[in-house]
Amino acid sequence: MSGNGNAINTVSVDCPAKTNLTLHVGKPRSEWGGRHELDTIYCAVSVYDTVTASRKKPGSGFSLNLEGAYLGDLASSGNDMRRNHAVLALFALAEASGHEPDVALNIEKRIPVGAGMAGGSADAAATILALNTLWNLDWPIERLQQVAATLGADMPFCLTGGYARGTGFGEQIEQLSEYSDDVRNLTRQGFAGRLLVGAYQAELRTPEVYAMFDQIGADPGDNNHLQQAAISLHPRSGQAIDEALRAGAKQAFVSGSGPSVIAFVPTDDAAHAVQSAWQESRCVDRIIATKAPAHPIVHIIA
């Protein structure tokens, strides 16, 4: 390895998107800044953003580069780099570990933006995992999760992927084995394996969805309590759910706060039928075929 003797100079992390197989929303809590109580089963989905972290000269500060075909609002010139989730994660871990944030970050976006799939949280988690290796911290995941929890509810889960139960405002994470009763039960209901993501050019802002939820509540039949609010703001999501279920999806639902729709498909025929139904009805803008569960992957580059 070049540069600093045996120092690691570049680390890349592929971090998967998340969905919520169940998302039960309680009351807002003032001590959490108005965030709502949550009880959720997280599941990581094999759509990956890749964050590459490289050492820079001491005192040179950070840099951020974004790549990808579907950057949404992230590509706007008015977007403040310092508010990017990955940059916030860089500064948080630098402060917690006593390092200077002299790091070049490159993010290759594949997870839909503003879509209820934790793309920003995945980027933050990937940054934390990359820096844990780049800076030779070797911190256990629980310590990294404490840093991640200061940044957002989904981020501690994104550090591990797989399945987990989230409580508190989503930041208290209990990893679930694929053989746990909760996961076995969800798998029996069809919440596992192959899936299609119906993605949109439009974005939904999580605070707007919660504000609508506070007004209209949840449909009693929804495993995702935010689904009715998301559909009221973005009706095509509801159309995509109906089309998918009619075409043979085992489960179809809004992912998190939306607007993306997840359709679990048990067979090749069901996958083709759902894809055709979505294309013919034009109720989604883009279709991503993938599977679940998934986990982050760390690569030492140089």
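Residues numbered from 1 in each chain as written. Predicted model: local features only at pLDDT ≥ 70, side-chain atom pairs only at ≥ 80, totals over all residues. Heavy atoms only, no water.

The name that an unreviewed UniProt entry assigns to the protein is 4-diphosphocytidyl-2-C-methyl-D-erythritol kinase, with the source organism given as Bifidobacterium hominis. In its Pathway (unreviewed entry) section, the UniProt record describing the protein reads: "Isoprenoid biosynthesis; isopentenyl diphosphate biosynthesis via DXP pathway; isopentenyl diphosphate from 1-deoxy-D-xylulose 5-phosphate: step 3/6." Turning to the protein, the UniProt annotation filed under Catalytic activity (unreviewed entry) states: "4-CDP-2-C-methyl-D-erythritol + ATP = 4-CDP-2-C-methyl-D-erythritol 2-phosphate + ADP + H(+)". (UniProt positions renumbered as here; feature names shortened; annotations may be inferred.)

A separate point is the side chain of T40. With respect to the helices and strands, T40 occurs in strand 2 (residues 35-55). Of note is the side chain of T40, whose polar atom sits 2.6 Å from the backbone oxygen of T22. When sequence neighbours within four positions are dropped, the list of residues in contact with T40 reads N20, T22, L23, A164, R165 and G166. (Helix = DSSP H or I, 4+ residues; strand = E, 2+ residues; numbered from the N terminus. Polar contact = N/O pair within 3.5 Å; in protein donor to acceptor, adjacent residues only side chain to side chain. Contact = heavy atoms within 4.5 Å.)

Glancing now at the side chain of D222. As for its position among the elements, D222 is in the loop between helix 6 (206-216) and helix 7 (227-233). Within the buried core, D222 has no salt-bridge partner, and the shortest N-O distance to an opposite charge, that of R246, equals 15 Å. Sequence-distant contacts of D222, that is, excluding residues within four places in its chain, are made with Q227 and Q228. (Buried < 20%, exposed > 50% of the residue type's maximum accessible area, 1.4 Å probe, protein only. Lys, Arg positive; Asp, Glu negative; His and termini not counted. Salt bridge = Lys/Arg side-chain N within 4 Å of Asp/Glu carboxyl O.)

It is worth spelling out the pattern of salt bridges at this point. Evaluated as defined, the whole model comprises ten salt bridges. Here D49 makes a salt bridge to K109, at a shortest N to O gap of 2.5 Å. Of this pair, D49 sits in strand 2 while K109 sits in the loop between strand 4 (103-108) and helix 2 (119-134), placing them 60 residues apart in sequence. Both residues of the pair, D49 and K109, count as buried. Because the salt bridges share partners, they merge into one network encompassing R29, E31 and E37.

Attention shifts here to the UniProt feature "active site" (unreviewed entry) in the protein. As recorded in UniProt, the feature "active site" (unreviewed entry) lies at K18 and D154. Across 137 residues in sequence, these annotated residues keep their C-alpha atoms within 8.3 Å of one another, forming a single compact spot. Inspection of the secondary structure puts K18 in strand 1 (residues 10-29). With sequence-adjacent residues up to four places away left out, K18 is seen in contact with Y42, C43, A44, V45, G116, M117, A118, D154, F157, S255 and G256. A polar atom in the side chain of K18 sits 3.4 Å from the backbone oxygen of G116. As for its placement among the helices and strands, D154 is situated in the loop between helix 3 (141-149) and helix 4 (155-158). When residues no more than four places from it in sequence are discounted, the contact partners of D154 are K18, Y42, A118 and S121.

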